[in-house]
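If you want the building blocks of each chain, they are given just below.
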Amino acid sequence: MKIRLVLLSLFLTVASLVTTFGQKVDPNSIDPSKVNVDELSDEQIMRLIQEMEKRGLTEDQAIMLAQARGMSSQQVMKLQQRIREVKLSGVPLDPDMGIDPTKSAMAFDMVESVKEPVDSAQIDTRIFGFSFFNNENLSFEPNVNIPVPSSYVIGAGDEILIDVWGMSQQNYMFNVDKNGNITIPNIGPIRLGGLTQDAASKRILNKLSSIYNDLKSSTPQTFASVSIGSVKAIKVNVIGEVFLPGTYTIPGTASAFNALYLSGGPNPNGSFRNIQVIRNGKVHAVLDVYEYLLKGKSSVNIPLREDDVILIPTYEKRIKVGGELKRNGLFEAKDNETVADIIEYAGGFTEEAYTHRLELYRNSSRQKVFKDIFSDQFAATILQSGDSVYVGPILARFKNKVSITGAVYRPGNYELSDNLTLKQLIDKADGIREDAFLNRGMITRLRSDLSLQNITFDVSAVLRGEVNYELQREDMVTISSIESLREVRTVEIFGDVQYPGEFDFQEDMTLSDLVFKAGGFKESASDSYIEVSRRLSHEEAKKASAKIADVYQFNISRDLKMHGEDAAFVLQPFDQVFVRRAPGFENKSVVHVRGEVNYAGQFSLTSKNERISTIIARAGGFTPDAYAAGAMLTRRSAKSEKERKLREQLMKNDKSIELNDIGFDVVGIDLEKIMKNPGSKDDIFLKDGDELIIPRELQTVEVSGAVLNPLSVSFQKGKSLRHYVRTGGGFALRAKKGKVYVIYPNGVAAATKNYVFFNSYPKVLPGTEIVVPKKPEKAPMSAASWIAIASSLASLSLTIVTVINATN
């Protein structure tokens with residue numbers, strides 16, 4: 001699909017000019033080189049700017065295209081200046097001007113071919129060269145601002161600039177007409193069409209010498225130069241196996257790669273090595289893109305001329321390359337090209353390639369053929385279309401490597417030199433370490449059938465030179481350390497030390513040493529009762545018995561000193577030490593008293609048996625506003641990990657159970673009764689973290705649940721629970737009247753008592769919450785259920801009739 005983008009309608013219709021000249025101008029007949037920028041108004045320049053913005057053009061892009069269409073450099077400079085001035089002045093656009101830029105009487109279409117994205121469905125990125133013409137970071141867009149080369153062929157539309165200086169001074173600017181001529185005053189027409197820039201310059205200078213005689217003087221005082229200003233636009237056709245075939249408008253300085261870039265390059269069936277440039281019906285040049293991509297030969301990128309045709313035929317040979325080559329993919333091959341050529345195109349072998357032989361897969365007329373191609377055959381093996389070349393990796397094995405690990409100073413891999421022995425390898429590794437296990441070492445050897453063989457040796461005998469072994473390829477020597485051959489030895493300490501846990505065992509470690517490593521005793525530790533648990537020895541473990549450990553008890557002073565036999569006691573591997581807590585030690589316990597007491601705040605418990613009444617007395621007693629009946633005691637509830645898991649399992653097994661861990665429990669107390677009978681069973685002992693809240697007397701009663709209008713109402717002494725429910729509109733339709741319960745301010749709840757047909761509701765106190773439960777909704781019986789019941793009743797009736805008849 002060929003898409004053209006109108007980049008710029010450079011000049012707009014000037015209504016006043018149309019009126020002045022009194023005639024209509026054909027847009028296609030406008031000569032850009034004759035447009036006078038000075039005659040354009042600010043409004044028209046503003047329309048030009050808006051047209052550029054609408055079409056997504058930068059100012060530089062628009063100017064470049066204007067130059068390509070024949071606008072002179074002088075007019076281009078004026079246009080740039082006018083655009084800057086209008087932007088600074090902020091000239092508004094008059095919406096009533098009635099000017100259509102696309103139908104302007106002075107408009108001429110600057111049509112430029114642009115790069116069109118290639119359909120992703122057609123993309124085969126495996127083809128070498130595809131990304132060359134379809135890479136966002138690589139552009140072959142033609143540049144109209146580069147100097148024109150001397151080989152450039154002049155044609156209609158080119159701008160010729162002639163500068164004369166010295167004794168005579170004159171500047172000329174001409175546009176080559178359709179006949180290929182320019183006309184110089186006092187000289188006449190000069191034919192330049194078809195000449196190169198170099199030849200045209202010589203012809204013009206030769207003609208100028210007729211009016212500037214000094215140009216040919218041996219000591220000239222007058223000089224002249226010829227250059228090309230803006231270049232013409234040419235049209236070329238790109239056809240064949242190309243992504244976007246069609247006609248493209250490009251600057252006269254464009255090359256073949258410019259046109260190929262705009263067309264997206266060869267498609268999956270197109271050739272990259274036989275691109276033909278056809279000029280005047282004959283093949284002018286054949287382009288091989290590989291020559292540019294792989295060898296950097298820019299000579300393949302030839303300049304184009306008007307009406308050139310670029311033909312991309314189908315490929316003749318395509319080879320698939322894979323494996324250990326630097327480039328994998330599909331490569332195109334010419335006649336008589338060999339495997340060596342395709343390896344070169346693929347960038348050569350990687351460092352891991354097996355270069356002695358490669359695999360060639362070929363298609364015959366009936367089936368596939370496989371060939372081994374050895375290195376001496378690469379240059380002689382001619383490729384065929386459809387061949388697949390695969391280069392495998394080298395083997396993951398070493399020809400001359402041995403290794404040594406374990407208790408040597410420099411373990412690792414070593415070169416297998418001629419007649420290398422085990423003793424020599426140990427010496428290469430700087431010898432064995434002091435902790436080496438000398439009774440046994442091992443050589444792991446790879447046999448010829450790839451099975452493994454273990455060869456054991458006496459390390460000390462090898463070191464003394466009494467025995468030795470000659471090593472082979474891939475031998476692995478292992479010399480273990482003493483520590484690696486026994487279980488990791490540790491000791492553990494638990495209880496009231498700073499850092500309880502597991503520690504590495506060390507020889508001659510005492511009990512005081514371990515306590516020291518654990519950071520010493522905590523203040524709560526008992527230094528007179530420390531227990532050590534030791535597992536049975538090997539001799540004891542040989543006999544089956546109920547005994548599983550030996551236990552020892554010791555005293556250690558706070559300064560970690562031991563005396564007598566205790567000081568001589570040495571720990572053994574895997575001992576466990578337990579530091580007990582002192583029996584009388586207790587952390588500080590604090591309770592909180594809030595609300596209506598004279599001295600609310602925090603109080604430290606003086607004993608484990610301190611009661612509620614004692615704390616109230618220490619708090620100065622109640623204030624006149626205290627409501628003892630509504631007092632509440634909360635106690636911290638710290639659940640262990642096991643308790644949490646049990647709760648989770650319980651809820652998992654029974655979905656109807658909901659257990660909320662809010663971090664505290666409410667302890668139901670009757671503070672009025674407690675204060676009347678201090679020390680009674682109701683006057684419970686307090687614990688650390690308890691919080692006792694004594695509120696003011698509450699004046700309301702809250703009604704919630706299945707009532708018509710849940711609300712809070714004022715408390716009225718002597719009124720029953722039904723009175724408060726009626727205040728809330730009465731029971732709702734689905735209310736469970738026999739299950740009504742109340743929650744008193746102290747957190748205690750009381751339920752309704754049922755006596756046959758009567759309900760005895762609990763007493764209501766100030767601050768009480770009345771909760772009316774709701775009956776669960778039942779799903780209505782389906783039609784099938786009713787039919788089943790009816791069928792059962794009918795069957796029952798029939799059975800009864802049958803029995804009656806039988807008895808009669």
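This one's a predicted model, so the numbers in the text were calculated from it and none came from an experiment.

Undergrad: Help me get a handle on unusual backbone geometry, residues and values and all.
TA: The phi dihedral of Asn-186 is positive, around 70 degrees, even though this residue is not glycine. Phi at Glu-474 is positive, roughly 70 degrees, even though this residue is not glycine. Structurally, Glu-474 is set in the loop between helix H11 (459-464) and strand E22 (476-479). Given the relative accessible area of 17%, Glu-474 is considered buried.

Undergrad: Can you tell me about the sheet that holds strand E14 (residues 329-332), naming the residues and giving the values?
TA: Pairing is mixed across the open sheet formed by five strands, whose spatial order is E14-E13-E17-E15-E16. What marks the edges here is a single partner per strand, and that holds for E14 and strand E16 (368-374). Across the sheet, the axes of successive neighbouring strands diverge by a mean angle of 25 degrees, strand direction being ignored. Where strand E13 (residues 318-323) and strand E17 (residues 388-391) come together, four bridges link them in parallel fashion. Paired with Gly-323 across the bridge in E17 is Val-391.

Undergrad: How would you explain the nonpolar core if you had to name every residue and give the values?
TA: Where a protein is soluble and globular, its nonpolar side chains tend to be buried together. If you look at the biggest cluster of nonpolar residues, it comprises 51 residues, and the most contacted ones within it are Phe-133, Phe-257, Leu-304, Ile-310, Phe-331, Ile-342 and Leu-358. Here this core gets six residues from one element, more than from any other, and that element is helix H7 (residues 256-262).

Undergrad: Account for the sheet that holds strand E10 (residues 275-279), naming residues and giving values.
TA: Either a parallel or an antiparallel arrangement is found when strands of a sheet pair, and the pairing is made through backbone hydrogen bonds. Read from one edge to the other, the open sheet built from five strands follows the order E9-E8-E12-E10-E11, with strand pairing classed as mixed. A single partner strand is all that each edge strand has here, and the edge strands are strand E9 (246-251) and strand E11 (282-287). Averaged over all pairs of adjacent strands, the angle between their axes in this sheet comes to 30 degrees, without regard to strand direction. Relative to E9, strand E8 (residues 233-240) runs antiparallel, the two being bridged by six bridges.

Undergrad: Can you break down the confidence of the model for the chain residue by residue, with the values?
TA: On average, residues of the chain carry a pLDDT of 81, and 85% of them reach 70 or more. Here residues 93-112 is modelled with pLDDT under 50, and outside its nearest four sequence neighbours on either side it reaches 57 contacts, counting other chains as well.

Undergrad: Describe the pattern of salt bridges, and please don't skip the residues or the numbers.
TA: Using the criterion set out here, one finds 30 salt bridges in the structure. One salt bridge connects Lys-295 with Glu-291, and the closest N-O pair in it is separated by 3.7 Å. Of this pair, Lys-295 and Glu-291 both sit in helix H8 (residues 289-295), separated by four residues, roughly a single helical turn. On the accessibility criterion, Lys-295 (48% relative accessible area) is partly exposed. As a salt-bridge pair, Glu-596 and Arg-696 come within 3.5 Å of each other at their nearest N and O atoms. Of this pair, Glu-596 sits in the loop between strand E28 (590-595) and strand E29 (601-604) while Arg-696 sits in the loop between strand E32 (691-694) and strand E33 (700-705), and the two are 100 residues apart along the sequence.

Calculation notes
- Residues numbered from 1 in each chain as written.
- Predicted model: local features only at pLDDT ≥ 70, side-chain atom pairs only at ≥ 80, totals over all residues.
- Heavy atoms only, no water.
- Helix = DSSP H or I, 4+ residues; strand = E, 2+ residues; numbered from the N terminus.
- Buried < 20%, exposed > 50% of the residue type's maximum accessible area, 1.4 Å probe, protein only.
- Pairing = 2+ DSSP bridges.
- Axes fitted to C-alpha atoms, helices over the stretch in contact; angles between N-to-C directions.
- Core = buried A, V, L, I, M, F, W, Y, C linked by side-chain atoms within 4.5 Å.
- pLDDT = per-residue confidence, 0-100.
- Contact = heavy atoms within 4.5 Å.
- Salt bridge = Lys/Arg side-chain N within 4 Å of Asp/Glu carboxyl O.

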